[in-house]
Amino acid sequence: MRLLDGSPAAELSLRMVAREAGVAAPSVYAHFDSAETMMSEIVRECWRQLGEEMSHDARQVEGQGAFARLKAQMTAHVRYAMERPSRYQLLFALQRDVWAWRDQPGPVRPAYLPVHETVELLEAEGSALPMADARSSTILILSIAHGRIALAQLAPHRPGNTSAGVEVFVREALDGLFQRPGP
């Protein structure tokens, strides 16, 4: 992860990983049979980390309702992406089948499923969803966050393109989607 945070994902190689670990390059093959296998495991781990951070922040607002939980999850999503741009970009750059839905296993599940479950809770609490169903609403929420993150990462020096600025944008978008007054 240190290597990934210090250089673009495309530059990672088994040889670089071996050098960072202080072992001979052939030793890495005992763990990964190819660079593609290694990258797949890194992607899986990054999705797990993202999901864990989202779940952690959601636990911090326990008892405050599903909407507070959703805002906490999406704030954590933005923070992860903005603080670890190489990891976040890797999540989408190497995936052929990025979106694994609720009933299917897949690397994105740790980040998708908690948001989907929160949207279902919002619906159960009587909130009107911004789309026809929980699945479509979840995709919309994640798409808004992902799109805003991508724009910020393309032009990091523009006003509002800091982690804090993107977090505010996503929270305000959630307020608008669920027709809630802002803070």
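To be clear, the structure that these remarks concern was listed above.
Residues numbered from 1 in each chain as written. Predicted model: local features only at pLDDT ≥ 70, side-chain atom pairs only at ≥ 80, totals over all residues. Heavy atoms only, no water.

Peer 1: Quick question: what am I supposed to make of the overall build of the protein here?
Peer 2: A count of helical and extended segments in the protein gives 9 helices and 0 strands. Taking the contacts inside the protein whose residues are at least 6 apart along the sequence as the reference set, 62% of them involve residues at least 24 apart. Of the roughly 9800 Å² of accessible surface on the protein, a fraction of 53% belongs to carbon and sulfur atoms. (Helix = DSSP H or I, 4+ residues; strand = E, 2+ residues; numbered from the N terminus. Contact = heavy atoms within 4.5 Å. Areas by Shrake-Rupley, 256 points an atom, 1.4 Å probe, with all protein chains shown as cover.)

Peer 1: I'm lost on the nonpolar core in this one. Help?
Peer 2: Across soluble globular proteins, nonpolar side chains show a tendency to be buried alongside one another. In terms of nonpolar packing, the biggest core is built from 43 residues, with L70, M74, V115, I141, L174 and F178 touching the most fellow members. Elements supplying a minimum of two residues to this core: α2 (14-21), α3 (25-28), α4 (35-60), α5 (66-83), α6 (85-93), α7 (109-124), α8 (134-154) and α9 (163-177). Once residues lying within four places of it in the same chain are set aside, the contact partners of L70 are V115, T118, L122, I141, L174 and F178. (Core = buried A, V, L, I, M, F, W, Y, C linked by side-chain atoms within 4.5 Å. Buried < 20%, exposed > 50% of the residue type's maximum accessible area, 1.4 Å probe, protein only.)

Peer 1: Looking at this structure, how should I read the packing of α4 against α5?
Peer 2: Relative orientation and spacing of two packed helices are given, respectively, by the angle between their axes and the distance between those axes. With their axes 8 Å apart at the nearest point, α4 and α5 run at an angle of 140 degrees to one another. The angle between α4 and α5 places the two elements in the oblique class. For the crossing formed where α4 meets α5, the hand is right-handed. Judged by residue contacts, C46, Q49, L50, E53, M54, D57 and A58 of α4 engage R69, A72, Q73, M74, A76, H77, R79 and Y80 from α5. Residue classes in the contact of α4 with α5 are distributed as 8 nonpolar, 3 polar and 4 charged. (Axes fitted to C-alpha atoms, helices over the stretch in contact; angles between N-to-C directions. Parallel < 35°, antiparallel > 145°, perpendicular 65-115°, else oblique. Left-handed = near helix turned anticlockwise from the far one by under 90°. Nonpolar A, V, L, I, M, F, W, Y, C, P; charged D, E, K, R; others polar.)

Peer 1: Is there a simple way to explain α7 in this structure?
Peer 2: Residues spaced three or four apart along an α-helix point in a common direction, a consequence of the helix completing one turn every 3.6 residues. In this model α7 runs 22 Å from its N-terminal to its C-terminal C-alpha over 16 residues, within 8% of the 22 Å that 1.5 Å per residue would give. Among the residues of α7, A111, Y112, L113, P114, V115, H116, T118, V119 and L122 are the ones counted as buried. Next to the buried residues of α7 lie α4, α5 and α8. Directly after α7, the chain includes G126, whose backbone phi takes a positive value near 100 degrees. (Expected span 1.5 Å × (residues − 1).)

Peer 1: What's the story with the packing of aromatic side chains in this structure? I'm lost.
Peer 2: Within the structure shown, the criterion is met by 1 aromatic pair. Seen in terms of ring centroids, F67 and F178 are 5.8 Å apart; in terms of plane orientation they differ by 65 degrees. Their pairing is edge-to-face. Here F67, found in helix α5, pairs with F178, found in the segment after α9; they are 111 residues apart in sequence, far enough to count as distant. Given a relative accessible area of 10%, F67 falls into the buried group. Looking at R148, its charged tip hangs above the ring of F169, at a distance of 5.3 Å from the centre. (Phe/Tyr/Trp six-rings, centres within 6.5 Å; stacked < 30°, edge-to-face > 60°. Lys NZ or Arg CZ within 6 Å of the ring centre and 35° of its normal.)

Peer 1: Teacher, can you tell me more about the packing of α5 against α6 here?
Peer 2: Viewed as axis vectors pointing N to C, α5 and α6 meet at an angle of 105 degrees, and their least axial separation amounts to 5 Å. By the criterion of interaxial angle, the relationship of α5 to α6 is roughly perpendicular. Mapping the contact onto sequence places H77, Y80, A81, M82 and E83 in α5 and P85, R87 and Y88 in α6. Looking at the contact of α5 with α6 residue by residue, the class counts come to 5 nonpolar, 1 polar and 2 charged.

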